[in-house]
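# Summary of the model geometry
This is what each chain is made of:
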Amino acid sequence: RHGANPIGVHVNLITFQDNKRFIVVTRRGKGTADTGEWQTSVSGVTCPRRSSIEWGGDVPGYIYDEDIPELSPSPFLAAQRELFEELGVFVSLDQIRVIALLNHKRSGQPVLVAEAYSEKTLKEIRECAKAAEEKWEIDQNGIAAIELNQRNLGILMSKKETLKVSNVT
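Analysis parameters
- Residues numbered from 1 in each chain as written.
- Predicted model: local features only at pLDDT ≥ 70, side-chain atom pairs only at ≥ 80, totals over all residues.
- Heavy atoms only, no water.
- Buried < 20%, exposed > 50% of the residue type's maximum accessible area, 1.4 Å probe, protein only.
- Helix = DSSP H or I, 4+ residues; strand = E, 2+ residues; numbered from the N terminus.
- Arc of directions from axis to C-beta.
- Contact = heavy atoms within 4.5 Å.
- pLDDT = per-residue confidence, 0-100.
- Salt bridge = Lys/Arg side-chain N within 4 Å of Asp/Glu carboxyl O.
- Pairing = 2+ DSSP bridges.

This paragraph deals with helix α2 (residues 122–130). Within α2, the full set of buried residues consists of L122, I125, C128 and A129. Angularly, the buried residues of α2 cover 115° about the axis, an arc narrow enough to put them on a single face. Exposed side chains of α2 directed beyond 90 degrees from the buried face belong to K123 and K130. Residues of α2 that are buried make contact with β1 (8–17), β2 (20–28), α1 (75–87) and β7 (138–147).

Rendered as structure tokens:
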């Protein structure tokens, strides 16, 4: 009835500063599953209709899945919606790409992993997050950026080492 389906979407927001690329990571807010845990920038599910419980409201420039039936349900639209709902950052569809299809460890649910690109600085992203409609999903003091370099990516992919605070802005 609500139109949500079982395909999860995790979005890594990539920002650029001083000719370097950074991935924005967030800590889960109080009252969410995995409270206090660090995660990809945002996450949610694909949503084919306005009637869905995942509906993002009347957002200027926002395209609903039902407006483009050939894309419905669309991981691109879900990524766009989740970034706006949780971080208050609007990213156009041409700045989003799907990079992987995984299975969620606990639920076995398929999860699409996407990247979205923004010219906003980390400071601007933190400001946008304060006004996001679902800001409760993210700990407002838990928004950080990690430089995307070979060393940091190796650490993120490994369970042997943890990123030091000096690697996080």
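In low-pLDDT regions, the fine details of the predicted coordinates are not to be read closely. The share of residues in the protein with pLDDT of 70 or more is 74%, and the mean pLDDT across the chain is 79. Across the protein, the secondary-structure element scoring lowest on mean pLDDT is helix α3 (residues 150–157), at 81, and the one scoring highest is α2, at 94. In this model, residues 1–5 is a region of pLDDT below 50 whose contacts with residues beyond four sequence positions or in other chains number 17 contacts. Across residues 55–59, confidence stays below pLDDT 50; counting only partners more than four residues off in sequence or on other chains, it has 13 contacts.

Let us now look at the pattern of salt bridges. Throughout the structure, instances matching the rule amount to 5 salt bridges. One salt bridge in this structure joins R27 and D139, with 3.2 Å as the shortest N-O distance. Taken together, the residues R27 in strand β2 and D139 in strand β7 connect sequence positions 112 residues apart. In this structure D139 comes out as partly exposed when scored by relative accessible area, which is 24%. Each of R81, E82 and E85 takes part in one network of salt bridges that share partners.

Turning our eyes to something else, we now look at the pairing of strand β6 (residues 110–118). In summary, the side chains of a regular strand alternate between the two faces of the sheet. By the criterion of burial, β6 is predominantly enclosed, with 7 of the 9 residues buried. Pairing of β1 with β6 involves 8 bridges; the strand directions are parallel. Considered in β6, the bridge of L13 is made with A116. The hairpin turn running from strand β5 (residues 96–103) into β6, its antiparallel successor, is 6 residues long, and G108 in that turn takes a positive phi close to 75°.

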